[in-house]
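# Fold and contact review
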Amino acid sequence: MPTVSPEPKPAMRAAAASMQQLLAGTSYVSYSYGYPHKTAYRALSPRRLQEVWNAEPRDALFLYVHIPFCSVRCGFCNLLATTGAEASLVRRYIDTLERQAVATREAVGRRTFVRAALGGGTPTFLQPAELRRVLDVMRNTMGADLAAIPTGVEVSPETTDGERLAVLQEFGVDRVSIGVQSFDQREAGAMGRPQRDADVHRALRLIRDHHFPTLNIDLIYGGADQTTASWLASIRAAIEYRPEELYLYPLYVRPLTGLGRRGQSWDEQRISLYRAGRDFLLEQGYQQVSMRMFRAPHAPTCTAPVYCCQQDGMVGLGAGARSYTRELHYSTRYAVGRAGVSAVIEDYVSQDAAALATVDYGFEMDDGERRRRFVIQSLLQAEGLSRAEYRSAFGPDALGDLPALQELQQGALATVTQDRVRLTPAGLERSDAIGPWLYSPRVGRLMEEFAWT
Ligand SMILES: C[S@@+](CC[C@H](N)C(=O)[O-])C[C@H]1O[C@@H](n2cnc3c(N)ncnc32)[C@H](O)[C@@H]1O
Ligand code: SF4
């Protein structure tokens, strides 16, 4: 395992204040996969789940279920996950999921799910019968028609086998996402990911043999000894399996995750590996969807009702799962260190029905935050922000509401047309600095002040 370093905590560094600072500073502040980040969540005065969902549109919801168990704990990972869970804890966890699903179903009332995901952690850490039970909770207790809507499940190489994949198939899962990180086990090991190449290839062959419509492969760049040649070798090995999607993640080192951080040259290494990977995938016909995501030309086109990640609601079940309504984002508490994660899971499985129907931790959204969220979640996609969609959601024009968008244009990080605000290639590769640059002062302050456990 790589050495722990007392270096500053990158996810907590303040975002650049001015355009000049944005251009001169690191491109790697933090990954804005949702706004606000969960380190901006805090204790709330308790309120009933039913009140939270009462006035919420519920005809295009996302169902997310989190399994916080893994067979290994990777040195870089900041997700809510733990290893070595006893069978009794896993059983209590699934029992709690089921009770939470019943409480949530009653509180949310009439609802339509248009998308579902089972993530973690590593859902395939579960025994096949446990996996079936969880998918059954999603389908039968929550009422998500998994076979009819886009449904994704995350797997890891060593936990993938025919029996588990058959369970996923039985429920109509159409997207399997596997974390590979590197096709070179030494390189993966140096990043803090213990893994055998043979397991990676066996898992990928099995997934392809089961004919899931979408295979996604996660790869990471920026490991200590990674070179352009070794990085491209991993991408080449990945596309041998004709994945419909590829996620290229820059390596991040978060507080309490076991890896130390290096300086400026690390930024340069990551940006140059990013460009090499992006150029190679574009040459291969992949389309760039965001800084991290690439889609193959043979990927199936989605005909399901559209889920709008900028605005539609999410129902999250399990420790660490987030839920979104227009007024409130909420979840259980968040932790990364071993003791903190165990405490969050223990708290979760100890809840009675009343506690499972109560919300007491999260972030209250106001109109300004909703507008920022819309902008951030649109702008960090390659297709950018639709000015018309913004106007129809909020009234005024996005450029008037958030003058920072014009600054991005002046800094050559975005282009502005009648219809859209779109990041330029120079902007897209700085997505992880531009996202935080657009955070509200309130969110920035809460993230800075978050006490990591
Ligand atoms: C839930 S895992 C994927 C499934 C499974 N647990 C696995 O690791 O194979 C989510 C993905 O996030 C990415 N990830 C997590 N922490 C990261 C970090 N600190 N830096 C870069 N990528 C990270 C990894 O690529 C990982 O595959
Ligand atoms: S990267 Fe995946 S397997 Fe590794 S600790 Fe995180 S969730 Fe678990």
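The structure displayed is predicted, hence computed values, not measured ones.

### What about helix H4 (residues 128-141)?
An α-helical turn contains 3.6 residues, so a residue and the one three or four places further along point in the same direction. With 14 residues, H4 extends 19 Å between its outermost C-alpha atoms, agreeing within 8% with the 20 Å of an ideal straight helix rising 1.5 Å per residue. Of the residues making up H4, those classed as buried are Glu130, Leu131, Val134, Leu135, Val137 and Met138. Residue Gly143 follows H4 closely and has a positive phi angle near 80°.

### Description of the packing of helix H3 (residues 87-108) against H4
The geometry of H3 relative to H4 is characterised by a closest axis approach of 10 Å and an angle of 5° between their N-to-C directions. It follows that H3 is roughly parallel to H4 by the angle criterion. The segment H3 lies against H4, with Val90, Ile94, Leu97, Glu98, Ala101, Val102 and Arg105 engaging Glu130, Arg133, Val134, Val137 and Thr141. Among the residues making up the contact of H3 with H4, the classes are represented as seven nonpolar, one polar and four charged.

### Overview of the site of ligand 2
In the region of ligand 2, the neighbouring residues are Cys70, Val72, Arg73, Cys74, Cys77, Leu79, Ala81, Gly120, Gly121, Thr122, Ser156 and Gly179. Counted by class, the shell around ligand 2 contains six nonpolar, five polar and one charged residues.

### Let's talk about unusual backbone geometry
Following Tyr35, the chain continues into Pro36 via a peptide bond in cis, with omega recorded as -5°. Note that Pro36 resides in the loop between helix H1 (19-24) and strand S1 (42-48). Between Gly120 and the following residue, Gly121, the backbone shows a cis peptide bond with an omega angle of 20°. With respect to the helices and strands, the residue Gly121 is situated in the loop between strand S5 (113-120) and H4. Although it is not a glycine, Gln181 adopts a positive phi angle of roughly 70°. Among the secondary structure elements, Gln181 is positioned in strand S7 (residues 175-181). For Gln181, a count of 28 C-beta atoms within 10 Å gives the class buried.

### Thoughts on the site of ligand 1
Around ligand 1 sit 19 residues, and of these Phe76, Ser156, Gly179, Asp218 and Tyr249 come closest. Of all the secondary structure elements, the ones that give two or more residues to the shell around ligand 1 are S5, S7 and strand S8 (214-221). Sorting elements by how many residues they give to the shell around ligand 1 places S7 first, with three residues. Here the shell around ligand 1 is built from residues that sort into nine nonpolar, seven polar and three charged.

### A word on the domain arrangement of the protein chain
Annotation of the protein chain at the domain level lists domain 1 (41-295) and domain 2 (367-449). Taking the mean C-alpha position of each, domain 1 and domain 2 sit 26 Å from one another. Taken together, the contact between domain 1 and domain 2 spans seven residues of the former and seven residues of the latter. Looking at the side of domain 1 that touches domain 2, its residues break down into four nonpolar, two polar and one charged.

### Details of the sheet that holds strand S16 (residues 385-386)
Spatial ordering of the open sheet is given by S16-S18-S17, a layout of three strands whose pairing is antiparallel. Unpaired on one side and paired on the other, S16 and strand S17 (414-416) mark the two borders of the sheet. In terms of strand pairing, S17 meets strand S18 (residues 420-423) through three bridges, oriented antiparallel. Paired with Ala414 across the bridge in S18 is Leu423.

### Comments concerning the packing of H3 against helix H10 (residues 338-349)
Where H3 contacts H10, the two axes come as close as 9 Å, and the packing angle between them is 55°. It follows that H3 is oblique to H10 by the angle criterion. By crossing handedness, the relation of H3 to H10 is classed as left-handed. Across from Arg92, Tyr93 and Thr96 in H3, the residues of H10 making contact are Ile345, Tyr348 and Val349. Across the contact of H3 with H10, the residue classes break down as four nonpolar, one polar and one charged.

### Focus on the pairing of S18
Relative to S18, S16 runs antiparallel, the two sharing two bridges. Directly across from Leu385, in S18, lies its bridge partner Val421. In textbook terms, the turn of a hairpin is the stretch between consecutive antiparallel strands, and for S17 and S18 this stretch comprises three residues.

Basis of the calculations
Residue positions within a chain follow its written sequence, with the count starting from 1. Chains carry letters from A onward and ligands carry numbers from 1 onward, assigned in written order. Given that this is a predicted model, residues contribute local features only at a pLDDT of at least 70 and side-chain atom pairs are listed and counted only at 80 or more, while totals for whole chains, interfaces and linings are drawn from all residues. Put simply, DSSP H or I for four residues or longer makes a helix, DSSP E for two residues or longer makes a strand, and each gets a number counted from the N terminus. Every helix has an expected span of 1.5 Å times one less than the residues it contains. Exposure is read from a count of other C-beta atoms within 10 Å of each residue's own; the residue is exposed at 12 or fewer, buried at 20 or more and partly exposed in between. C-beta atoms are placed from the backbone. For every element, the axis is a line fit to its C-alpha atoms; helices are fit only across the contacting stretch, and the angle between N-to-C directions ranges from 0 to 180 degrees. Working rule for angles: under 35 degrees goes down as roughly parallel, over 145 as roughly antiparallel, 65 to 115 as roughly perpendicular, anything else as oblique. Contact definition: two residues whose C-beta atoms, as placed from backbone geometry, lie within 7 Å. Each residue gets one label: Ala, Val, Leu, Ile, Met, Phe, Trp, Tyr, Cys and Pro are nonpolar, Asp, Glu, Lys and Arg are charged, and the others, such as Gly, are polar. Any residue whose C-beta atom, as set from the backbone, lies within 6 Å of a molecule or strand is reported as near that molecule or strand. Domain start and end points were adopted from an automatic or database domain assignment. Paired strands, as defined in this entry, are two strands with at least two bridges between them according to DSSP. The crossing is said to be left-handed when, going from far helix to near helix, the turn is anticlockwise and less than a right angle, and right-handed when the turn is clockwise.

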